[in-house]
Amino acid sequence: MEAFTIHTGRAVPLRRSDVDTDQIIPSEWLKRIERTGFGAGLFSEWRAGEGFVLNNPAYDGASILVAGPDFGTGSSREHAVWALQDYGFRAVISPRFADIFRGNALGNGLLPVELPAETVETLQAAAEQDPTVEITVDLVAREVRGAGLVASFELDDFTRWRLLEGLDDVGLTLRNEELITVFEATRAAWLPSVA
Amino acid sequence: MGRTLAEKVWDAHVVRRADGEPDLLYIDLHLVHEVTSPQAFEALRLAGRPVRRPDLTVATEDHNVPTTNTLAPIADPISAAQVEALRKNCAEFGVRLYPMNDPGQGIVHVVGPQLGLSQPGMTIVCGDSHTSTHGAFGALAFGIGTSQVEHVLATQTLPQGRPKTMAVTVEGDLPAGVTAKDLILAIIARIGTGGGAGHVIEYRGAAVRGLSMEGRMTVCNMSIEAGARAGMIAPDDTTFDYLAGRAHAATGPAWDEAVAYWRTLASDDDAEYDREVVIDAASLSPYVTWGTNPGQAAPLGSRIPEPADYADPAARASVERALTYMGLTAGTPLSEVAVDTVFIGSCTNGRLSDLRAAADVLRGRQVAAGVRALVVPGSMQVKAEAEAEGLDEIFRAAGAQWRSAGCSMCLGMNPDTLSPGERSASTSNRNFEGRQGPGGRTHLVSPAVAAATAVTGRLTAPAQL
């Protein structure tokens, strides 16, 4: 996993709530067995229409998505995170994330930043007014700076440390393999198995 | 202080707890399908890691499989390659697979319960958000992403932050003609698509106790549509009766031991929830969605809402956008909305009792001219059971198409899709833009409403026929 420390970039204002993962990456793209190349499918239905914010060349190269509440609802498809990253996003800011999307993002080093709705609105307005405005997402200080504001966000110490170090969960868990084996010896005999 | 059902199941699975870190939870059952697993198996291969517990891992092919002509090779080469990848991965890593045309094949959330693999008090995960279905048994069951699929394959555990708890209590009895689907649509409409975020919902109350296991699965299935991490229902005699005698249920003294444990799982009387919602069952009627998220639902007897009714500007914009996408006019009675497609199936409503409910409505009636009606059983076993009862004949005689098992038009990864502008009444779980095909418009309904809608060609409750 790519580590996340401090990232500064331009922002894309996405003024929609309930952006579900079917919109982020439509199911047609889920047939692929690779982990890369999903950027071309990012928001592909919306990009095919007129007036969608990502079609505005002023936002080319922007790396922070600033969206409405309940971002990433619906399907558990991690492809949504892969698509956002492959397109070039390093962080998504929203008043609230769906749990599975948030977990998937944190597992891949795409930082989901929860900020109050008014702060998100301010950032969206700033990016709309001036697409060149730069925003800094600082995981070290757990704050977002830019557009004339400094807003702190919450993330637990453990997850923050894991992101700062770029550590993947499997390796961390396997350090405790003995505990897993001990636990397995205590499982009830009547639990189902397909062996 | 007492503990809730969710807390009891959680506590019984903690492998490791450390201050400031997520708990490491043991996973009792890992369900796998072709869409969210290939990259996970590839990661294991690259790291040289085995599947730790193939005996606790079960795979099936469901999302991509065609529901007609299933003996022929899959026509879409990308779908075919994904299914082939699952077969190779399961063979290489020793995972039990139910492939297309196998009598055990079906939608992953129909297969687990029908095999008796989904049991009370277990932790169950799958790379699929509708894993919440298995919470109907009093299991803690939740959807995960592909990196987590890899994690469970490699370690049979998952690091998870402790969720909050929420009680949704449905008091009284459901009125005649109101089903589990109507109940969950009404709950989501009430608490919103983010209403359960961060919480495990426990469904309680007389109306929930009165549901069959299949009805309970329908309710828990759509917990994710309320944003919840999981949905659960305390196990009781309905649960035990359903499980007794199934392929993977214990027998003899082991069964008695299991049941004795399961009876201890109900939430304690003095347990406290972080949030509580109470719903009066008597106030419910058949519900349908009118918008583009599952919270945008209303009684079938009501009208499409006016954006001006919403005070919050974001909600108003969302409603306006949804009505534009759906091609609907505010104020129109929902019962006047005409559809051209009816889909009966999915992990929400593709079980035998769902097909019976639809067949009861269609018996002796005809699908309206110009309406395409698809009936897709949730598994090959459901298909066989339905055919043994003659339900297939009822559907065919009514002019509906009787298909083979799979996810089908719920998400249109196989050839069963809506064309741009087409409108469906669908017993599935998501009415997102383009969910059933680019430009398609979806109204979520119960199986009974779907069948009645097929007859009239517009959103209709059976009582109106």
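What you see is a predicted model; the values in this text were computed from it and never measured.

J.: Which residues make up the overall build of chain A, and what are the values?
T.: Of regular secondary structure, chain A possesses eight helices and seven strands. The principal-axis extent of the C-alpha atoms belonging to chain A is close to 65 × 40 × 25 Å. For chain A, buried positions account for 56% of its 195 residues. Contacts in chain A between residues at least 24 apart in sequence constitute 68% of all its contacts with a sequence separation of at least 6. For chain A, the exposed area adds up to about 7800 Å²; of that, 48% sits on carbon and sulfur atoms.

J.: If you had to explain the overall build of chain B to someone new, which residues and values would you point to?
T.: A tally of helices and strands in chain B yields 16 helices and 19 strands. Projected onto its principal axes, the C-alpha coordinates of chain B cover approximately 55 × 55 × 45 Å. The proportion of buried residues among the 465 residues of chain B is 66%. Sequence-distant contacts, at least 24 apart, represent 76% of the contacts inside chain B between residues at least 6 apart. When the accessible area of chain B is evaluated, it comes to approximately 14800 Å², of which 50% is carbon and sulfur surface.

J.: Now, about the sheet that holds strand β2 (residues 64–67) of chain A: what can you tell me, with residues and values included?
T.: Residue and element names in this part refer to chain A. Judged by pairing direction, the sheet is mixed, and its seven strands sit side by side in the order β4-β3-β2-β1-β5-β6-β7 without closing on themselves. The sheet is open, and its two edges are formed by β4 (111–114) and β7 (149–152), each paired on a single side. Ignoring which end each strand starts from, the neighbouring axes of this sheet average 25° apart.

J.: Pulling in residues and values, what's your account of the interface of chain B and chain A?
T.: Contact with chain B, which involves 74 residues of that partner, is made by 51 residues of chain A. Between chain B and chain A, the buried area comes to about 5000 Å², and carbon and sulfur atoms account for 57% of it. Inspection of the region where chain B meets chain A yields six salt bridges. Applying the counting criterion to the chain B and chain A interface returns 31 residue pairs in polar contact (both at pLDDT 80 or more). A per-element tally of the side of chain B that touches chain A places helix α5 (residues 146–155) of chain B first, with seven residues. The class makeup of the residues in the side of chain B that touches chain A is 29 nonpolar, 28 polar and 17 charged.

J.: Please set out helix α6 (residues 180–191) of chain B residue by residue, giving values where relevant.
T.: Residue and element names in this part refer to chain B. For α6, spanning 12 residues, the distance from its first C-alpha to its last is 17 Å, which sits close to the expected 16 Å at 1.5 Å a residue. With 10 of 12 residues buried, α6 lies mostly within the body of the structure. Those residues of α6 lying buried are A180, K181, D182, L183, I184, L185, A186, I187, I188 and I191. Once α6 finishes, G192 follows within two positions and takes phi at roughly 90°, a positive value.

J.: Tell me about the nonpolar core, and name the residues and values.
T.: Residues and elements named next belong to chain B. Ranked by size, the top nonpolar core spans 93 residues in total, and within it L140, V168, V170, I187, Y203 and W262 carry the most contacts. Tallying contributions element by element places α6 first for this core, with eight residues. When residues no more than four places from it in sequence are discounted, the contact partners of V170 are L183, I187, R204, G205, A206, A207, V208, I279 and A281. Core analysis: the second largest hydrophobic core is formed by 82 residues, V342, L355, L391 and A448 among them.

J.: Lay out the pairing of strand β16 (residues 372–375) of chain B in plain terms, naming residues and giving numbers.
T.: Residue and element names in this part refer to chain B. In the sheet, strand β15 (residues 341–344) pairs with β16 via four bridges, with the strands oriented parallel. Among the inter-strand pairings, F343 is bridged to a residue of β16, identified as L374. Of the strand pairs in this sheet, β16 and strand β17 (residues 401–402) are connected by two bridges, and their pairing is parallel. Considered in β17, the bridge of V375 is made with W402.

J.: Just give me the short version of a negative patch on the surface, but keep the residues and values in it.
T.: On the surface, a cluster of negative charge is made up of D269, D270, E272 and E276 of chain B. The residue E276 of chain B is located in strand β12 (residues 275–280) in this model.

J.: Can you break down the packing of aromatic side chains residue by residue, with the values?
T.: This structure, assessed with the given rule, holds 17 aromatic pairs over all chains. Through a chain of ring-to-ring contacts, the aromatic side chains of W190 of chain A together with F240, W255, Y261 and W262 of chain B assemble into a single cluster. Its guanidinium or amino end placed over the ring of W46 of chain A, R16 of chain A lies 4.0 Å from that ring's centre, counting from NZ or CZ. Looking at R32 of chain A, its charged tip hangs above the ring of F38 of chain A, at a distance of 4.8 Å from the centre.

J.: Tell me about the sheet that holds strand β6 (residues 123–126) of chain B, and name the residues and values.
T.: All names here are of chain B. Overall, parallel pairing links the five strands, which are arranged β5-β4-β3-β6-β7 in an open sheet. Whereas interior strands pair on both sides, the edge strands pair on one side only; in this sheet they are β5 (96–98) and β7 (140–143). Pairs of neighbouring strands in the sheet enclose a mean axial angle of 20°, with direction left out of account. Pairing of strand β3 (residues 29–33) with strand β4 (residues 57–60), which is carried by four bridges, proceeds in the parallel orientation. Paired with H30 across the bridge in β4 is T57.

J.: Residues and numbers for the state of the cysteines, please.
T.: The term disulfide refers to a covalent linkage connecting the sulfur atoms of a pair of cysteines. Residues and elements named next belong to chain B. Applying the stated criterion across every chain yields a total of zero disulfides over all chains. Here C410 stays unpaired: no disulfide links it, and the sulfur of C347, its closest cysteine neighbor, is 6.0 Å away. The buried category is assigned to C410, whose relative accessible area is 5%.

J.: A description of the confidence of the model for chain B should follow, citing residues and the corresponding values.
T.: Predicted confidence across chain B gives a mean pLDDT of 97, with 100% of residues reaching 70 or more. As scored by the predictor, the complex reaches a pTM of 0.97 and an ipTM of 0.96.

J.: Tell me about the pattern of salt bridges, residues and numbers included.
T.: For side chains of opposite charge, pairing can occur when their charged atoms come near one another. Taken as a whole and assessed by the stated rule, the structure comprises 41 salt bridges over all chains. Residues E128 of chain A and R15 of chain A are paired through a salt bridge, measuring 2.6 Å at the closest nitrogen-oxygen approach. With E128 of chain A in helix α5 (residues 117–129) and R15 of chain A in the loop between β1 (6–14) and α1 (21–24), this pair connects stretches of sequence that are 113 residues apart. What makes E128 of chain A partly exposed here is its relative accessible area of 36%. By relative accessible area, which is 41% here, R15 of chain A ends up partly exposed. Within this structure, E177 and E184 of chain A together with R52, R53 and D55 of chain B form a network of salt bridges that share partners.

J.: Could you give an account of the side chain of E78 of chain A, naming the residues involved and the relevant values?
T.: Residues and elements named next belong to chain A. Assignment of secondary structure puts E78 in the loop between β2 and α3 (79–87). The class for E78 is buried, based on a relative accessible area of 0%. Within the local environment of E78, its side chain forms a polar contact with the side chain of N108, the two groups lying 2.9 Å apart.

J.: How would you sum up the environment of T60 of chain B? Please name residues and give values.
T.: All names here are of chain B. Structurally, T60 can be placed in strand β4. For T60, a relative accessible area of 1% gives the class buried. Excluding residues that lie within four positions of it along the chain, T60 makes contacts with V32, H33, E34, L86, L97, Y98, Q105, G106, I107, V108 and V111. There is a polar contact of 3.3 Å between the side chain of T60 and the backbone oxygen of Y98. Within polar-contact distance, the side chain of T60 engages the backbone oxygen of G106 at 3.0 Å.

Calculation notes
- Residues numbered from 1 in each chain as written.
- Chains lettered and ligands numbered in written order.
- Predicted model: local features only at pLDDT ≥ 70, side-chain atom pairs only at ≥ 80, totals over all residues.
- Heavy atoms only, no water.
- Helix = DSSP H or I, 4+ residues; strand = E, 2+ residues; numbered from the N terminus.
- Buried < 20%, exposed > 50% of the residue type's maximum accessible area, 1.4 Å probe, protein only.
- Contact = heavy atoms within 4.5 Å.
- Areas by Shrake-Rupley, 256 points an atom, 1.4 Å probe, with all protein chains shown as cover.
- Pairing = 2+ DSSP bridges.
- Axes fitted to C-alpha atoms, helices over the stretch in contact; angles between N-to-C directions.
- Buried area = accessible area lost by both parts, 1.4 Å probe.
- Salt bridge = Lys/Arg side-chain N within 4 Å of Asp/Glu carboxyl O.
- Polar contact = N/O pair within 3.5 Å; in protein donor to acceptor, adjacent residues only side chain to side chain.
- Nonpolar A, V, L, I, M, F, W, Y, C, P; charged D, E, K, R; others polar.
- Expected span 1.5 Å × (residues − 1).
- Core = buried A, V, L, I, M, F, W, Y, C linked by side-chain atoms within 4.5 Å.
- Patch = residues over 30% accessible without salt bridge, like charges linked within 9 Å, V, L, I, M, F, W, Y side chains within 5 Å.
- Lys, Arg positive; Asp, Glu negative; His and termini not counted.
- Charge placed at Lys NZ, Arg CZ, Asp CG, Glu CD.
- Phe/Tyr/Trp six-rings, centres within 6.5 Å; stacked < 30°, edge-to-face > 60°.
- Lys NZ or Arg CZ within 6 Å of the ring centre and 35° of its normal.
- Disulfide = S-S within 2.5 Å.
- pLDDT = per-residue confidence, 0-100.

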